[in-house]
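Here's the letter readout for the chains.
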Amino acid sequence: MIKTYTTFAEFWPFYLREHSLPETRALHYVGSTLVLAIAGVAIWQGVNNGTWWWLIGMPVAGYFFAWVAHFTIEKNRPATFTYPLWSLGADFKMYFMWITGRLDRELESAGIKR
């Protein structure tokens with residue numbers, strides 16, 4: 001039976017376990033960095049100046065690297081398919097926790113051994 005998550009707090013450890021391999025997380029970080037870079041370029045150039053197409057590149061960049069990681073490295077189904085908004089939030093939470101050096105404790109709490 002598939003577990004249904006009703007809160008983000010319940011979903012978060014599941015999300016981390018679905019990203020248990022460092023290589024999977026690394027590809028997610030590449031995608032998230034590209035998403036933020038593309039957003040920055042779009043804002044800098046001005047979306048109203050004909051560069052709105054940069055915004056199309058954001059989900060492509062983010063999902064491409066994440067899905068490659070899930071299908072080839074982690075060998076699981078992306079949580080995005082079942083929990084799209086929570087997955088997006090969890091991806092950026094994981095990203096910023098990694099950047100700030102706070103992710104290891106969260107991984108351990110979710111039962112992921114290093």
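Calculation rules
Residues numbered from 1 in each chain as written. Predicted model: local features only at pLDDT ≥ 70, side-chain atom pairs only at ≥ 80, totals over all residues. Heavy atoms only, no water. Phe/Tyr/Trp six-rings, centres within 6.5 Å; stacked < 30°, edge-to-face > 60°. Helix = DSSP H or I, 4+ residues; strand = E, 2+ residues; numbered from the N terminus. Buried < 20%, exposed > 50% of the residue type's maximum accessible area, 1.4 Å probe, protein only. Axes fitted to C-alpha atoms, helices over the stretch in contact; angles between N-to-C directions. Parallel < 35°, antiparallel > 145°, perpendicular 65-115°, else oblique. Left-handed = near helix turned anticlockwise from the far one by under 90°. Contact = heavy atoms within 4.5 Å.

Draft legend 1. Quick look at the packing of aromatic side chains. Taken as a whole, this structure holds 22 aromatic pairs when the rule is applied. Here F11 and Y15 contribute two aromatic rings whose centre-to-centre distance is 5.9 Å and whose plane-to-plane angle is 45°, an arrangement assigned as tilted. Highlighted residues: F11 and Y15, both in helix α1 (residues 8-17), separated by four residues, approximately one helical turn. A residue is classified by how much of its surface remains accessible, and Y15, at 2% relative accessible area, is buried. Note on Y95 and F96: the rings are 5.2 Å apart at their centroids and 80° apart in plane angle, and the pair reads as edge-to-face. The buried category is assigned to Y95, whose relative accessible area is 6%.

Draft legend 2. Fine view of the packing of α1 against helix α4 (residues 84-99). Here α1 crosses α4 at 65°, and the two axes come no closer than 10 Å. In terms of axis orientation, α1 runs roughly perpendicular to α4. For α1 against α4, the interelement crossing comes out right-handed. From α1, F8, F11, W12, Y15 and L16 reach across to α4, where they touch W86, S87, G89, A90, D91, K93, M94 and M97.

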